[in-house]
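Notes for the structure review
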Amino acid sequence: TKAARDTIAFLESLKIPEGPKAGDPIKLAKYQRKFVIGALGADTSIAVLSIGRGNGKSALSAGIALAALMGVGDPQPRREVVIAARTRDQASIAFNFVTGFIETLDEETQQLMRIRRAPKLEVEFDGGDGGHTLRAIAADGKSALGTAPTLILMDERGHWSLDKGDDLEHALLSGMGKRGGRALIISTSAASDTHPFSVWLDSP
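One structure accompanies this document, and this report is about it. The model shown is predicted, which means the values in this text are computed figures rather than measured ones.

Observations regarding the nonpolar core
- Of all hydrophobic cores here, the largest spans 42 residues; its most connected members are Leu66 and Leu134.
- Per-element accounting of this core gives the leading share, 8 residues, to helix 3 (residues 57-69).
- Once you skip the residues sitting within four places of it in the chain, Leu134 turns out to touch Ala65, Leu66, Leu69, Val81, Ile83, Phe95, Val98, Leu121, Glu122 and Val123.

Structure (structure tokens):
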């Protein structure tokens, strides 16, 4: 789809924000391209990726989230992007990747971004018609009821606690339906075959 092609082009226009390769453009691995193409397909509302540790999971999630915030592939008004992680610390890792990518964007685009770290981890983007937001939240925190996300990224879903994690997933997915949104569930494997993340993989 055009959304997938545009998102891949956006991701590969980003620069690595830190580490020994800082400043180099991102190069997606073959499986990452394949996932983006499938996840942003016309008939896909929920996409699931199981991935080993150290494979750029947080960077991929953050890049897709930033693309969605900026309207790449989905230009609908007042976009709402949610990155949900197991804890606030985990949410901070993904959020820091987002802000790191923002710092590599051109000056004019950076001026349209407002980054807040308290009381919530959020970015507001004033481009286009303005009012677009990205938030990073914790599965062990307060419920996401009342949100209407255009894109959800569930980070390390295989390690969320069962009760609060299931409640948050349900709240996010039910809110997503109001906007014709998408959910991307990206995680290392869960500890058991009965965990909801394992069930997503086995019974899509």
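Comments concerning the packing of aromatic side chains
- In this structure the tally under the stated criterion is 1 aromatic pair.
- An angle of 40° between the planes, with centres 6.4 Å apart, marks the rings of Phe97 and Phe101 as tilted. Taken as a pair, Phe97 and Phe101 lie in helix 4 (residues 88-102) at a separation of 4 residues, close to a single helical turn.

Considering the side chain of Ser198
- Looking at the secondary structure, you find Ser198 in helix 7 (residues 196-202).
- Ignoring any residue separated from it by four or fewer positions in sequence, one finds Ser198 in contact with Ala190, Ser192 and Asp193.

Looking at the sheet that holds strand 6 (residues 151-155)
- Strand order across the open sheet formed by 7 strands is 1-7-6-2-5-4-3, with mixed pairing between neighbours. Either end of the sheet is taken by a strand with one partner, and the two such strands are strand 1 (46-50) and strand 3 (113-116). The average angle at which neighbouring strand axes cross in this sheet is 10°, direction not considered.
- Summarising the sheet, strand 2 (residues 80-85) and strand 5 (residues 132-138) pair through 6 bridges and their orientation is parallel. Looking across to strand 5, one finds that Val82 is bridged to Arg135.
- Lying over the sheet, helix 3 contacts strand 1, strand 2, strand 3, strand 4 (121-125), strand 5, strand 6 and strand 7 (182-187), oriented at roughly 170° with respect to strand 6.

So, the pattern of salt bridges
- Summed over all chains, the structure comprises 10 salt bridges.
- In this structure, Arg116 and Glu122 form a salt bridge, with 3.2 Å as the shortest nitrogen-oxygen distance.
- Glu122 sits in the buried class, given a relative accessible area of 18%.
- The salt bridge involving Asp166 is made with Arg157; its shortest N-O contact spans 2.9 Å.
- Each member of the salt-bridge network shares a partner with another, and the members are Arg114, Arg116, Glu122, Glu124 and Asp126.

Focus: the pairing of strand 1
- Here strand 1 shows a clear split, with Ala47 and Leu49 buried on one side and none of Ile46, Val48 and Ser50 buried on the other.
- Pairing of strand 1 with strand 7 involves 5 bridges; the strand directions are parallel. Among the inter-strand pairings, Ala47 is bridged to a residue of strand 7, identified as Leu184.

Description of helix 2 (residues 30-39)
- Burial in helix 2 covers these residues: Gln32, Phe35, Val36 and Ala39. End-on view of helix 2: buried residues confined to an arc of 95°, all on one side of the axis. Residues of helix 2 that are exposed and point more than 90 degrees away from the buried face comprise Lys30 and Lys34.
- Looking at the buried positions of helix 2, the neighbouring elements they touch are helix 1 (2-11), strand 1, helix 3 and strand 7.

Here's the deal with the packing of helix 1 against helix 2
- Interhelical geometry of helix 1 versus helix 2 gives an angle of 145° and a closest axis separation of 8 Å. Where helix 1 crosses over helix 2, the two elements pack in a sense that is right-handed. For the pair helix 1 and helix 2, the contacting residues are Ala4, Thr7, Ile8 and Leu11 in the first and Arg33, Val36 and Ile37 in the second.
- Residues of the contact of helix 1 with helix 2, tallied by class, amount to 5 nonpolar, 1 polar and 1 charged.

Conventions and cut-offs
Residues numbered from 1 in each chain as written. Predicted model: local features only at pLDDT ≥ 70, side-chain atom pairs only at ≥ 80, totals over all residues. Heavy atoms only, no water. Core = buried A, V, L, I, M, F, W, Y, C linked by side-chain atoms within 4.5 Å. Buried < 20%, exposed > 50% of the residue type's maximum accessible area, 1.4 Å probe, protein only. Helix = DSSP H or I, 4+ residues; strand = E, 2+ residues; numbered from the N terminus. Contact = heavy atoms within 4.5 Å. Phe/Tyr/Trp six-rings, centres within 6.5 Å; stacked < 30°, edge-to-face > 60°. Pairing = 2+ DSSP bridges. Axes fitted to C-alpha atoms, helices over the stretch in contact; angles between N-to-C directions. Salt bridge = Lys/Arg side-chain N within 4 Å of Asp/Glu carboxyl O. Arc of directions from axis to C-beta. Left-handed = near helix turned anticlockwise from the far one by under 90°. Nonpolar A, V, L, I, M, F, W, Y, C, P; charged D, E, K, R; others polar.

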